[in-house]
Amino acid sequence: MRLFAGSAQTLLASFLILLLFPNAFAATDFPTFWEKFKSAAIAGDKVAVAEMTEFPLSMYGSKLKNRAEFLRRYGEIFKGEANATQCFARAKPQQESARSYDVYCPFKATPNDWENAPIRFIFERTTSGWQLAGLANTHE
């Protein structure tokens, strides 16, 4: 009986930590999200990738307003300036803050130039979890 009471207290304490500090595990759950996102993008699963994207999506200074526009422009997003499929297989996400990670990709024409990887995919922790939040060219 005493063991159960201790377990209940531990469970309650864990629950309270999550309530009081919702970002406590933000950094640790990104790798799980990244594996899921990366797999869907590499497989070309547009629908799954769209489900993991925040709208409006910031893209090179403009906005993609909704899922339909995202699906229509999917090729431009993932095979435009960079070949994201090829990049994501090797890229290492960089933590920018507790709520933000970036993945940098080289230009499509120079896929092995990791020293010059200006295409930036921005991932942010939102109220519904991690999502693709933007795309930028750091040279612009």
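The structure this text deals with has already been given above.
The paragraphs below set out a description of the structure included in this document. Please read these numbers as outputs of a predicted model, since none were measured by experiment.

With that out of the way, let us pick up the state of the cysteines. If you walk through the whole model with that rule in mind, you get one disulfide. Through a disulfide, Cys 87 is tied to Cys 105; the S-S separation comes to 2.0 Å. On the sign convention where negative is left-handed, the bridge of Cys 87 and Cys 105, at about -85 degrees about the S-S bond, is left-handed. With a gap of 18 residues between them, Cys 87 in helix H6 (residues 84–90) and Cys 105 in strand E4 (residues 100–105) connect regions that are remote in the sequence. Judged on exposure class, the residue Cys 87 and its partner Cys 105 are both buried.

Here we come to the pattern of salt bridges. The final tally for this structure, using the stated rule, is five salt bridges. Note that Arg 125 is salt-bridged to Asp 29, the shortest N-O span being 2.7 Å. Taken as a pair, Arg 125 in strand E5 (residues 119–126) and Asp 29 in helix H2 (residues 26–43) lie far apart in primary sequence, 96 residues in all. A salt bridge links Glu 76 to Arg 73; its shortest N-O distance comes to 2.9 Å. Salt bridges linked by common partners bring Glu 69, Arg 73 and Glu 76 together as one network.

Burial within E5 is extensive, with six of its eight residues counted as buried. Across six bridges, the pairing between E4 and E5 is antiparallel. In the sheet register, Asp 102 faces E5, and the bridge partner there is Ile 122. In textbook terms, the turn of a hairpin is the stretch between consecutive antiparallel strands, and for E5 and strand E6 (residues 129–137) this stretch comprises two residues.

What counts, and at which threshold
- Here the residue numbering is sequential within each chain, running from 1 through the sequence in written order.
- With the structure being a predicted model, the display of local features is reserved for residues of pLDDT at least 70 and the display and counting of side-chain atom pairs for 80 or more, all residues being used for whole-chain, interface and lining totals.
- Side-chain numbers come from the whole structure's heavy atoms, not from hydrogens or water.
- Cysteine sulfur atoms are paired as a disulfide whenever they come within 2.5 Å of each other.
- Numbering of helices and strands runs from the N terminus, with a helix taken as a DSSP run of H or I at least four residues long and a strand as a DSSP run of E at least two residues long.
- Type-normalised accessible area, obtained with a 1.4 Å probe on protein chains alone, sets the label of each residue: buried when under 20%, exposed when over 50%, and partly exposed for intermediate values.
- Salt bridge, as used here: a side-chain nitrogen of Lys or Arg that lies within 4 Å of a carboxyl oxygen of Asp or Glu.
- Note: two strands are recorded as paired if DSSP finds a minimum of 2 bridges between them.

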